Amino acid sequence: MTFEQMLERVRYEGAYPTRDRAEEVTRLVLAGLGRQLTGEERVDLAARLPREAAAVLTAQIPAVEPLTGWGFVKDLAGRAGATPATTRWDTGAVLATVAHLAGPDLLTRILRQLPSGYALLFGRAELIQAA
C-alpha cells in the first residue's frame, strides 16, 4: 500500500471530508504510536507501513512511561487541541488501517507489548485472562 492509498483508507474509515484532514490525523496518531512502541514490534510495523508513515512512526523517541489506551487518546487530544471524543474517533480510523497493514500476528504482538486499552483502538475486542 502506498502512503496515498493509506490516507484514502483512513479518509474512508474516518469519514473525513478531505485528504488533508486524513493526513493530519494519520501523522498525529502514528507519532503517538511511535512514542509507545519499542523493540521488534516497532521495527516490524515500520517495515509494513508505507515509507512516509514509517518515517513518522520511527522519528519518535519512545516514552519512558507507557500510556494506557485512554491515556494515549487524552495525550493526543491535548497535543491536537481537540476533544477526547474526536481524538478517539481519529485514533480508531488510523489504527484500523494500521491493523490491516500489520496483519493479525504482528498486531497480537503489538497489543501484548502495550498497556490495556489499545485493542479497541485497533478495532479488536479487549480480552483478559481469567485469574
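These remarks concern the structure in this document. (Residues numbered from 1 in each chain as written. Predicted model: local features only at pLDDT ≥ 70, side-chain atom pairs only at ≥ 80, totals over all residues. Heavy atoms only, no water.)

### Regarding the side chain of Arg42
Item 1. Position of Arg42 among the secondary structure elements: in helix α3 (residues 39-48).
Item 2. Buried and unpaired, Arg42 has Glu41 as its nearest opposite-charge partner, separated by 10.0 Å.
Item 3. Here the side chain of Arg42 touches Leu37 through a polar contact of 3.3 Å, landing on its backbone oxygen. (Helix = DSSP H or I, 4+ residues; strand = E, 2+ residues; numbered from the N terminus. Buried < 20%, exposed > 50% of the residue type's maximum accessible area, 1.4 Å probe, protein only. Lys, Arg positive; Asp, Glu negative; His and termini not counted. Salt bridge = Lys/Arg side-chain N within 4 Å of Asp/Glu carboxyl O. Polar contact = N/O pair within 3.5 Å; in protein donor to acceptor, adjacent residues only side chain to side chain.)

### A look at helix α4 (residues 51-58)
Item 1. Among the residues of α4, those classed as buried are Ala53, Ala54, Val56 and Leu57. One side of α4 carries all its buried residues, which in axial view fall inside an arc of 160°.
Item 2. On its buried face, α4 is in contact with α1 (3-14), α2 (19-36) and α3. (Arc of directions from axis to C-beta. Contact = heavy atoms within 4.5 Å.)

### Examining the side chain of Thr91
Item 1. When you line up the elements, Thr91 lands in helix α6 (residues 84-102).
Item 2. In this structure Thr91 comes out as buried when scored by relative accessible area, which is 0%.
Item 3. Sequence-distant contacts of Thr91, that is, excluding residues within four places in its chain, are made with Val29, Phe72, Val73, Leu76 and Leu121.

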